[in-house]
Amino acid sequence: MLVNLTDMCAIAEQNNMAIAQFDTPSLEALRAALDAAEELGYPVMIAHAEGHEPYVPLDVIGPTMVNLAEKSSAMVCVHLDHCENLSYMRRALEMGFNGAMFDGSYLPYEKNVEMSQYASQMCAEFDAGLECELGSMGSREAGVRPEGGTAEESGAIYTDPEQASDFISSTGLDALACSFGTVHGLYKGEPHLNYDVLTEIRKKNKVPLVMHGGSGVSDEDYAKSINAGIRKINYYTYGVVRAGEAARGIIDSSAGKPVYWHDMTMAAYNALYTDFKKTIEAFANGAKPVA
């Protein structure tokens with residue numbers, strides 16, 4: 001069933017948990033996310049990032065995401081991830097997405113506020129929740145970027161709690177993506193998270209907070225982040241790496257025999273399904289199933 005971003009965050013707030021968001025630029029990832037959520041009984045968010053347009057167009061994967069989410073027994077938010085163009089956002093909302101992230105973190109602050117306000121008005125027309133980002137993880141999700149690193153190496157700019165208060169009140173957002181030490185992609189070392197950023201923002205505002213770059217973080221750090229106010233965690237890279245490894249295993253074990261594509265896709269699905277179940281349970285932070 002469809003549940004919008006705002007209500008998803010309310011569920012997470014009430015249960016002191018984080019909702020898992022999985023980007024799903026393939027049918028295998030989409031099925032794995034929904035099947036894992038249905039089996040475990042937790043809400044889930046499936047997302048299409050604007051930066052994944054070259055892998056699968058929104059017009060192809062979007063309607064499939066909405067259709068399967070409507071039929072699912074789990075509570076599902078269909079979310080647009082890291083959108084930089086409002087026209088792209090409108091297309092997603094018109095096809096039934098009920099959550100969207102406008103990413104203006106690469107813009108000057110005033111322009112980020114202005115464009116986020118437009119996004120807020122647009123989401124309100126469709127009863128969809130809005131997520132925005134303040135601060136920088138040192139690389140644009142939709143742009144050309146080096147893979148991985150650490151927050152320090154990538155030139156991350158932590159979210160300023162004082163500025164966050166103004167940003168939240170000025171934009172009318174429903175969830176705030178914060179920069180506090182995570183990065184997109186694969187980590188070269190151990191993440192070093194600054195929980196003071198989260199606690200200071202939450203002292204001033206009770207808005208749900210979002211962790212991007214959630215792959216590669218330890219279960220202990222997930223728990224600390226959730227207890228400090230994180231209510232949604234984006235997880236993608238490490239899951240698709242494991243799917244790739246599973247597909248490579250099919251090739252390596254073929255010993256010169258034909259390699260069938262459907263065997264590779266099933267191996268990828270199984271790897272994603274197993275990984276997504278572990279992820280959902282970690283993000284639940286001890287909360288009982290709520291679906």
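Our structure is the block above this text.
A brief structural summary. Here the residue numbers are simple positions, counted from 1 along each chain's written sequence. Under the rules for a predicted model, residues below a pLDDT of 70 receive no local features and side-chain atom pairs below 80 are neither given nor counted, while totals for whole chains, interfaces and linings still include all residues. Heavy atoms from the whole structure form the basis of all side-chain values; hydrogens and water molecules are not counted.

1. Brief notes about the packing of aromatic side chains
Phase 1 of the analysis: Pairing of aromatic side chains requires ring centres within 6.5 Å, counting the rings of Phe and Tyr and the six-membered ring of Trp. Pairs whose planes differ by under 30 degrees are stacked, by over 60 edge-to-face, and all others tilted. Tallied over the entire structure, the rule returns 6 aromatic pairs.
Phase 2 of the analysis: Residues phenylalanine 22 and tyrosine 235 carry aromatic rings whose centres are separated by 6.1 Å and whose planes lie at 90 degrees to one another, so their mutual orientation is edge-to-face. You can see phenylalanine 22 sitting in strand E1 (residues 19-23) and its partner tyrosine 235 sitting in strand E8 (residues 230-235), a full 213 residues away along the chain. Both residues of the pair, phenylalanine 22 and tyrosine 235, belong to the buried class.
Phase 3 of the analysis: With centroids separated by 5.9 Å and ring planes inclined at 10 degrees, the aromatic side chains of tyrosine 269 and tyrosine 273 adopt a geometry described as stacked. Residue tyrosine 269 and its partner tyrosine 273 are both found in helix H10 (residues 261-284); the two are separated by 4 residues, about one turn of the helix.
Phase 4 of the analysis: In textbook terms, an aromatic cluster arises when at least three aromatic residues are bridged by ring pairs, as seen for Phe22, Tyr235 and Phe276.
Phase 5 of the analysis: The side chain of arginine 31 reaches across the aromatic face of tyrosine 269, ending 4.2 Å from its centre. Secondary structure follows DSSP: runs of H or I at least 4 residues long count as helices, runs of E at least 2 residues long count as strands, and numbering of each begins at the N terminus. Residue burial is assigned from relative accessible area. The probe radius is 1.4 Å, only protein chains are included, and a residue is buried under 20% of its type maximum, exposed over 50%, and partly exposed in between. The criterion is that NZ of a Lys, or CZ of an Arg, lies within 6 Å of the ring centre and within 35 degrees of the ring normal, and then a charge sits over that ring.

2. Section: the pairing of strand E2 (residues 44-49)
Phase 1 of the analysis: In terms of burial, E2 is largely enclosed, as 6 of its 6 residues are buried.
Phase 2 of the analysis: Covered by surrounding structure in E2 are Val44, Ile46 and His48 together with Met45, Ala47 and Ala49, the residues of both alternating faces.
Phase 3 of the analysis: Relative to E2, E1 runs parallel, the two sharing 4 bridges. Bridge pairing in E2 places alanine 20 opposite valine 44.
Phase 4 of the analysis: At least two DSSP bridges between two strands are required for those strands to pair. Across 6 bridges, the pairing between E2 and strand E3 (residues 76-83) is parallel. Note that in E3 the partner of isoleucine 46 across the bridge is valine 78.

3. Notes on the environment of lysine 288
Phase 1 of the analysis: Structurally, lysine 288 is set in the segment after H10.
Phase 2 of the analysis: With 248 residues separating them along the chain, lysine 288 and leucine 40 place their C-alpha atoms 9.7 Å apart.

4. Observations regarding the pattern of salt bridges
Phase 1 of the analysis: For salt bridges, the criterion is a side-chain nitrogen of Lys or Arg within 4 Å of an Asp or Glu carboxyl oxygen. Scanning the entire structure with this criterion turns up 11 salt bridges.
Phase 2 of the analysis: For glutamate 200, the salt bridge goes to lysine 203, with nearest N and O atoms at 3.3 Å. Separated by 3 residues within a single helix, glutamate 200 and lysine 203 lie in helix H7 (residues 195-204), roughly one turn from each other.
Phase 3 of the analysis: Between arginine 242 and aspartate 275 there is a salt bridge, with the nearest N and O atoms lying 3.1 Å from each other.

5. A word on the environment of valine 3
Phase 1 of the analysis: By the secondary structure assignment, valine 3 is in the segment before helix H1 (5-15).
Phase 2 of the analysis: As a C-alpha pair, valine 3 and glycine 172 span 169 residues in sequence and 19 Å in three-dimensional space.
Phase 3 of the analysis: Note on contacts: a residue pair qualifies if any of its non-hydrogen atoms lie within 4.5 Å across the two residues. In contact with valine 3, not counting residues within four places along its chain, are Met8, Met75, Val76, Cys77 and Asn98.

6. Observations regarding the pairing of E8
Phase 1 of the analysis: Burial of E8 is extensive: 6 of the 6 residues sit out of reach of the surface.
Phase 2 of the analysis: For E1 and E8, the ladder comprises 4 bridges, and the chain directions are parallel. Note that in E8 the partner of isoleucine 19 across the bridge is lysine 232.
Phase 3 of the analysis: As paired elements, strand E7 (residues 209-211) and E8 share 3 bridges and run parallel to each other. From the neighbouring strand, valine 210 faces E8, where its bridge partner is lysine 232.
Phase 4 of the analysis: Every crossover in which the path from the first strand over the helix to the second runs clockwise, viewed with the strands pointing away from the viewer, is termed right-handed. Crossover connection from E7 via helix H8 (residues 219-227) to parallel E8: handedness right-handed.

7. Describing H8
Phase 1 of the analysis: Within H8, burial applies to Asp221, Tyr222, Ser225 and Ile226. Buried residues of H8, viewed axially, fall in a sector of 135 degrees; they line one side. Those residues of H8 that are exposed and angled more than 90 degrees off the buried face are Glu220 and Asn227.
Phase 2 of the analysis: Once H8 finishes, glycine 229 follows within two positions and takes phi at roughly 125 degrees, a positive value. This arc corresponds to the set of directions leading from the helix axis out to the C-beta atoms.

8. Concerning the side chain of serine 254
Phase 1 of the analysis: Counting through the fold element by element, serine 254 comes out in the loop between helix H9 (237-252) and H10.
Phase 2 of the analysis: Serine 254 gets classed as buried once you look at its relative accessible area, which sits at 13%.
Phase 3 of the analysis: Polar side-chain contacts of serine 254 include one of 2.7 Å to the backbone oxygen of isoleucine 251. Contacts described as polar in this section are N or O atom pairs within 3.5 Å, which, within protein, must combine one atom able to donate a hydrogen with one able to accept it, while residues neighboring in sequence count only if both atoms come from side chains.

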